Amino acid sequence: MRFSKQREAVYEVLRSTDTHPDVAWIYNQTRKIIPNISLGTVYRNLNELAAAGRIKRVSCECGSERFDAQIQPHAHFVCIKCGAITDVDAGKCNVSCRLDNVFYSEVTLYGICDECRAPIEQNKKEIQQ
Ligand SMILES: [Zn+2]
Ligand SMILES: [Zn+2]
């Protein structure tokens, strides 16, 4: 892969966060480094980085395509309310597979994140009172 200043900028932007952003977020951040970069260029560079195995696409049913610079195998927690994606320590939730012929695994857990759960818990308390 030939060195490209634009591609490295896109990569650095994605690497700076663990929020698994979508293309629009990455585009806005990359524009702070390269003001005249286009959305199409950002998207093309993300595809190239993914094809080269330097970043990963996050498979979630959240409607938008999300990206991850963390390429080590890890599980994701997806909030079905706000769409937030957080990394899950695989050791914590015991999702592991030790079959020799498995090269690749993707674990996605769906639920409601702490931030979205707070108002729900608050409501429950009010109802109980
Ligand atoms: Zn949430
Ligand atoms: Zn991740």
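Look above for the structure.
Owing to the predicted nature of the structure, the values given are computational and were not obtained by experimental measurement.

Thresholds, definitions, all that
- Residues numbered from 1 in each chain as written.
- Chains lettered and ligands numbered in written order.
- Predicted model: local features only at pLDDT ≥ 70, side-chain atom pairs only at ≥ 80, totals over all residues.
- Heavy atoms only, no water.
- Helix = DSSP H or I, 4+ residues; strand = E, 2+ residues; numbered from the N terminus.
- Buried < 20%, exposed > 50% of the residue type's maximum accessible area, 1.4 Å probe, protein only.
- Contact = heavy atoms within 4.5 Å.
- Areas by Shrake-Rupley, 256 points an atom, 1.4 Å probe, with all protein chains shown as cover.
- 1 Å grid on protein atoms, 1.4 Å probe; cavity = no way out; pocket = protein on both sides within 12 Å on 5 of 7 lines; lining within 4 Å.
- Points joined across faces, edges and corners; volume = space filled by probe spheres on them.
- Nonpolar A, V, L, I, M, F, W, Y, C, P; charged D, E, K, R; others polar.
- Donors = N, O, S within 2.8 Å, 3.2 Å for Na, K, Ca; no water.
- Pairing = 2+ DSSP bridges.
- Axes fitted to C-alpha atoms, helices over the stretch in contact; angles between N-to-C directions.
- Phe/Tyr/Trp six-rings, centres within 6.5 Å; stacked < 30°, edge-to-face > 60°.
- Lys NZ or Arg CZ within 6 Å of the ring centre and 35° of its normal.
- Tetrahedral: all angles 85-135°; square planar, octahedral: opposite > 155°, others 65-115°.

A.B. asks: Would you mind going over the overall build of the protein with me for this structure?
C.D. replies: Per the secondary structure count, the protein includes five helices and five strands. Helices and strands in the protein line up, N terminus first, as α-α-α-β-β-β-β-α-β-α. Scored against the burial criterion, the 129 residues of the protein give a buried share of 33%. Pairs at least 24 residues apart make up 51% of the contacts formed inside the protein by residues separated by at least 6 positions. Approximately 8800 Å² of the protein is accessible, and the part contributed by carbon and sulfur atoms is 51%.

A.B. asks: Whenever I open this one, the environment of Lys 56 confuses me. Can you help?
C.D. replies: Among the secondary structure elements, Lys 56 is positioned in strand β1 (residues 56-58). A relative accessible area of 18% places Lys 56 in the buried class. Placed 13 residues apart in sequence, Lys 56 and Ala 69 show a C-alpha to C-alpha distance of 6.3 Å.

A.B. asks: Could you clarify how one ought to interpret the layout of surface pockets in this entry?
C.D. replies: Vacant regions in the atomic arrangement are exposed by a probe of water-molecule size rolled over the atoms. Volume-wise, the second largest pocket comes out at about 150 Å³. Along the walls of the second largest pocket sit Phe 77, Cys 82, Ala 84, Thr 86, Cys 113, Asp 114 and Glu 115, which together make up its complete lining. Across the lining of the second largest pocket, the residue classes break down as four nonpolar, one polar and two charged.

A.B. asks: Hey, could you run me through the coordination of the zinc ion (ligand 2) in this one?
C.D. replies: Octahedral metals with six donors have ideal donor angles of 90 or 180 degrees. Tetrahedral metals with four donors have an ideal donor angle of 109.5 degrees. Here the zinc ion (ligand 2) is held by the protein donor atoms His 20 (NE2), Asp 68 (OD), His 74 (NE2), His 76 (NE2) and Asp 87 (OD), which lie 2.0 to 2.2 Å from it. We note that the donor set of the zinc ion (ligand 2) lies within a single chain, spaced as H-x47-D-x5-H-x1-H-x10-D. For the pair shown, Asp 68 and His 76 are each scored as buried.

A.B. asks: Looking at this structure, how should I read the sheet that holds strand β5 (residues 108-111)?
C.D. replies: Either a parallel or an antiparallel arrangement is found when strands of a sheet pair, and the pairing is made through backbone hydrogen bonds. Strand order in the open sheet made by the three strands is β4-β3-β5, with mixed pairing throughout. Of all the strands in the sheet, the pair left with one neighbour each is β4 (85-88) and β5. Sheet twist, expressed as the average angle between the axes of neighbouring strands with direction ignored, equals 25 degrees. Relative to β4, strand β3 (residues 75-79) runs antiparallel, the two being bridged by four bridges. Within β4, the residue paired with Val 78 across the bridge is Ile 85.

A.B. asks: What is the right way to read the packing of aromatic side chains from this model?
C.D. replies: The geometry of an aromatic ring pair is captured by two quantities: the separation of the ring centres and the angle between the planes. One pass over the structure, following the stated rule, counts zero aromatic pairs. Here Arg 54 stacks its cationic end above the ring of Tyr 11, 4.3 Å away from the centre of that ring.

A.B. asks: In this structure, what is going on with the coordination of the zinc ion (ligand 1)? I would like to understand it.
C.D. replies: Each protein donor to the zinc ion (ligand 1) is listed here as Cys 79 (SG), Cys 82 (SG), Cys 113 (SG) and Cys 116 (SG); together their distances run 2.2 to 2.3 Å. In this structure, the zinc ion (ligand 1) is surrounded by four donor atoms whose angles at the metal cover 106 to 115 degrees, and the resulting shape is tetrahedral. Written as a sequence motif, the donor arrangement for the zinc ion (ligand 1) is C-x2-C-x30-C-x2-C. With a gap of 37 residues between them, Cys 79 in strand β3 and Cys 116 in helix α5 (residues 114-128) connect regions that are remote in the sequence. Considered together, Cys 79 and Cys 116 belong to a single accessibility category, that of buried residues.

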